[in-house]
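An overview of the molecular structure
One-letter residues, chain by chain:
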Amino acid sequence: MAFSRSARLGALAIAAASFLVVAAAPAPTPGADGIGDPYFPQLGNGGFDARHYDLDVAYAPDTGRLDGRTTLTARATQNLSAFDLDLQKLEVTKVEVNGRRAEFTRSGDEISVTPKDALRKGRDFTVSVTYGGIPEPLNGPIVFGSDYGWMKTTDGVFVACEPNAASTWFPSSDHPADKATYDIRIKAPQGLTGVSNGRLVSTYDKGGSTYTHWRESKPMATYLATATIGKFDVRTGKTPSGIPIYVAIDPVLANSNNVDVYAVTAAATDYWSQLFGPYPFEETGAIVDDMPEAGFSLEVQSKPAYSAVRSESTIVHELAHQWFGDSVSVAQWKDIWLNEGFATYAQWLWAEHQGTRSAHDSFLAGYNSRAADNPFWQITVADPQRDTMFASAVYQRGAMTLQMLRERIGDTAFFKLLPAWTKLHRYGNADTADFIRLAEKVSGQQLDDLFQTWLFTAGKPAL
């Protein structure tokens with residue numbers, strides 16, 4: 001086929017314009033080695049948005065060894081020549097990008113991956129990492145002085161990773177601002193049960209091992225992922241409103257603490273669904289494991305994990321987190337009061353619901369029990385600092401702030417605000433400024449003074 005002279009000139013003009021567009025595209029550069037959180041500057045990674053994790057993990061409780069292969073599907077947010085993943089201590093043996101071997105280097109807890117071809121902005125890509133070793137829990141002052149993360153038990157492992165321990169067992173963009181969906185496959189010795197997030201897709205025994213496959217189809221922060229393994233008595237069913245429920249309890253703890261975990265989980269899930277908006281996930285439940293060294297429980301998405309800390313009040317707290325923390329996640333870790341203050345206030349609402357004490361009286365009990373010179377009042381709740389991000393003031397003064405807000409704007413506006421918040425930021429991230437804006441919008445009031453006093457100023461506020 002021949003072209004006329006004018007057609008040839010037109011084709012040349014189009015080709016030249018296309019060249020200019022390509023030439024104007026930014027040259028590929030490495031993604032940042034952190035997401036920029038002031039408390040954990042190197043957690044998370046720049047240059048891409050995590051979309052989905054496929055985790056394959058095999059754990060040998062007798063040796064403590066974990067062998068894994070993680071495949072992350074991500075979308076490039078810039079033209080990428082290289083990018084980082086977070087992984088603490090475990091040894092990497094192979095990295096592939098889009099199915100092709102990729103170069104990688106290691107610096108501390110950062111893996112820098114250089115694919116054979118640059119990754120185009122806006123395009124999805126996959127990175128698969130094969131790794132192994134003996135995961136170690138983290139410790140220090142952050143989580144009440146407790147170990148946290150991957151914690152070996154007598155019959156398996158208890159996995160609870162807030163805030164920065166997900167990368168002790170799988171390579172990731174380990175920050176709640178980079179949420180993704182998950183498929184988690186766990187191989188463990190036959191007779192043990194691997195429990196994880198979302199719904200159980202399949203389970204079978206083969207060659208002396210038990211394989212379980214879990215799928216979390218809603219976006220999840222890395223710290224909420226779990227692969228807890230052990231001997232468990234499992235009970236499944238539905239809450240009275242019809243939400244599927246899965247409760248796994250270590251037989252050692254079956255009759256301890258005098259709390260019916262299944263019943264309280266079912267009741268609280270349904271009550272919070274009335275108060276906070278529709279339950280955000282496919283399943284509710286609990287993992288109760290004999291791990292007394294873990295001095296905390298954690299709002300693992302869809303199945304809070306309970307260790308030595310178990311009570312009705314703890315259960316309603318962790319379930320409230322399914323809305324406040326799991327579905328609506330913090331933008332930065334300094335916003336943690338949006339998780340803990342709200343879940344603590346939920347405990348006060350539960351007492352009110354049960355008719356045992358009003359939220360106002362719970363407020364007064366906390367306020368009056370601490371003198372003005374108590375160090376409790378010196379924490380700035382809206383920015384509590386990394387090592388004190390789980391200080392009691394973040395929980396209690398955070399809850400006090402919500403009670404002060406409720407009394408200022410009235411019950412009608414307050415109980416309209418809570419489901420409006422969870423709906424507006426469902427499966428996303430938000431910060432303190434977002435909440436203040438919405439509270440003012442819903443109430444029609446200027447609330448700067450209230451939040452300035454209770455969240456941003458140290459010292460005991462006058463009533």
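Residues numbered from 1 in each chain as written. Predicted model: local features only at pLDDT ≥ 70, side-chain atom pairs only at ≥ 80, totals over all residues. Heavy atoms only, no water.

UniProt feature "domain: Peptidase M1 membrane alanine aminopeptidase" (unreviewed entry): in the numbering of this structure it lies at residues 308-454. Secondary structure across residues 308-454 divides into 60% helix and 3% strand, with the first and last C-alpha atoms of the span separated by 32 Å. (UniProt positions renumbered as here; feature names shortened; annotations may be inferred. Helix = DSSP H or I, 4+ residues; strand = E, 2+ residues; numbered from the N terminus.)

This paragraph deals with the confidence of the model for the protein. Looking at the protein as a whole, the pLDDT averages 94, with 95% of positions reaching at least 70. Counted against residues more than four places away or in other chains, residues 1-9, with its pLDDT under 50, gives one contact. (pLDDT = per-residue confidence, 0-100. Contact = heavy atoms within 4.5 Å.)

The strand order across the open sheet built from four strands is E17-E18-E19-E20, with neighbouring strands paired in mixed fashion. Whereas interior strands pair on both sides, the edge strands pair on one side only; in this sheet they are strand E17 (233-238) and strand E20 (305-306). Pairing of strand E18 (residues 244-249) with strand E19 (residues 284-288) involves five bridges; the strand directions are parallel. Looking at the pairing, Ile245 lines up with Thr284 of E19. (Pairing = 2+ DSSP bridges.)

Applying the stated criterion across every chain, the model contains 36 aromatic pairs. Pairing Trp421 with Phe435 gives two aromatic rings, centres 5.2 Å apart and planes at 85°, and the pair type is edge-to-face. In this pair, Trp421 sits in helix H7 (residues 411-424) while Phe435 sits in helix H8 (residues 432-443), placing the two residues 14 residues apart along the sequence. Grouping residues by exposure puts Trp421 and Phe435 together as buried. (Phe/Tyr/Trp six-rings, centres within 6.5 Å; stacked < 30°, edge-to-face > 60°. Buried < 20%, exposed > 50% of the residue type's maximum accessible area, 1.4 Å probe, protein only.)

Next up on the list: the side chain of Asp37. Tracing the backbone through its elements, the reader meets Asp37 in the loop between strand E1 (29-30) and strand E2 (48-60). An unpaired buried charge is present at Asp37: no salt bridge exists, and Lys334, the closest side chain of opposite charge, is 8.6 Å distant. One polar contact links Asp37 to His175, side chain to side chain, over a distance of 2.7 Å. The contacts of Asp37, once residues within four sequence positions are left out, are His175, Gln332 and Trp333. (Lys, Arg positive; Asp, Glu negative; His and termini not counted. Salt bridge = Lys/Arg side-chain N within 4 Å of Asp/Glu carboxyl O. Polar contact = N/O pair within 3.5 Å; in protein donor to acceptor, adjacent residues only side chain to side chain.)

Looking now at the sheet that holds strand E3 (residues 65-76). Reading across the sheet, the eight strands line up as E6-E5-E9-E3-E2-E12-E15-E14 and stay open at both edges, with mixed pairing between neighbours. What marks the edges here is a single partner per strand, and that holds for strand E6 (100-101) and strand E14 (199-206). Bridge count between E3 and strand E9 (residues 124-133): 10 bridges; the pairing is antiparallel. From the neighbouring strand, Ala74 faces E9, where its bridge partner is Phe125.

With that out of the way, let us pick up the pairing of strand E8 (residues 110-114). Summarising the sheet, strand E4 (residues 80-86) and E8 pair through four bridges and their orientation is antiparallel. Note that in E8 the partner of Asp86 across the bridge is Glu110. Bridge count for strand E7 (residues 103-107) against E8 is five bridges, and the pairing is antiparallel. Across the sheet, Arg106 pairs through a bridge with Ile111, a residue of E8. If you look at the hairpin formed by E7 and E8, you'll find two residues sitting between the two strands, and Gly108 has a positive phi there, around 60°.

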